[in-house]
Amino acid sequence: GLGKTRMALALALAWGCRRILVALPKDLAGQWDQELEGLGVPSSFVNLTQGAKADRARRLQLLRPTRARADRPQVVVVNYEVLRDLQAEVDGYQADCFICDESWKIKNPTAKVTKAAIKLADKMRARNPRAKALALSGTPVGKDIGDLWAQLRLLGADAVDGLTYHSFLHRFANL
């Protein structure tokens with residue numbers, strides 16, 4: 001790989017993040033576990049990419065800040081379907097760092113997963129202005145410049161100069 005996973009984890013830990021949430025395609029969960037272990041930092045890893053929806057919702061509830069350990073960093077991975085379908089439970093985790101791996105999956109501004117990712121990142125920053133968001137992808141723009149808007153917007157409204165999707169297209173795309 002390109003080292004995106006290890007670099008993202010190293011950044012999150014260097015920023016002092018304790019509650020790290022990663023949205024990813026579920027087949028990448030093992031890679032995140034290995035990279036976290038390879039950093040040699042005492043931490044915990046929770047994989048919520050497998051199992052029934054109700055079970056994942058219960059496990060997310062157990063990870064709420066009042067019930068989870070705070071003495072070491074915790075990395076929770078969810079697949080994009082969990083992010084979309086269990087928005088309230090994922091938000092209840094109250095991450096201080098949100099990482100979207102293969103962020104090209106959140107390119108369509110009308111898709112539920114895109115809306116969920118942006119809403120989660122905005123709520124996280126509203127709770128904690130020092131919270132961080134990262135978008136990781138080797139191929140961020142597929143077909144057109146519009147695919148980039150959601151990934152940038154995940155990083156914050158200022159990353160797209162406060163522009164809506166259509167305003168962004170009007171300003172930057174040759175239509």
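The shown structure was predicted, so the numbers you read here are calculated from the model rather than taken from an experiment.

### What to know about the packing of aromatic side chains
Link 1 in the chain: If you walk through the whole model with that rule in mind, you get 2 aromatic pairs.
Link 2 in the chain: When the centroid spacing of 5.9 Å and the interplanar angle of 80° are considered together, the rings of Trp-149 and Tyr-165 count as edge-to-face. Here Trp-149, found in helix H7 (residues 146–155), pairs with Tyr-165, found in helix H8 (residues 165–172); they are 16 residues apart in sequence, far enough to count as distant.
Link 3 in the chain: Where Phe-168 meets Phe-172, the ring centres are 5.0 Å apart and the plane angle is 50°; that geometry is what we call tilted. One end of the pair, Phe-168, and the other, Phe-172, are both in helix H8, 4 residues apart, so they sit about a helical turn from each other.
Link 4 in the chain: With a relative accessible area of 4%, Phe-168 lands in the buried category.
Link 5 in the chain: Above the ring of Trp-15, the side-chain terminus of Lys-132 is found at 5.2 Å from the ring centroid.

Criteria and cut-off values
- Residues numbered from 1 in each chain as written.
- Predicted model: local features only at pLDDT ≥ 70, side-chain atom pairs only at ≥ 80, totals over all residues.
- Heavy atoms only, no water.
- Phe/Tyr/Trp six-rings, centres within 6.5 Å; stacked < 30°, edge-to-face > 60°.
- Helix = DSSP H or I, 4+ residues; strand = E, 2+ residues; numbered from the N terminus.
- Buried < 20%, exposed > 50% of the residue type's maximum accessible area, 1.4 Å probe, protein only.
- Lys NZ or Arg CZ within 6 Å of the ring centre and 35° of its normal.

On their own, these measurements won't tell you what the molecule is for.
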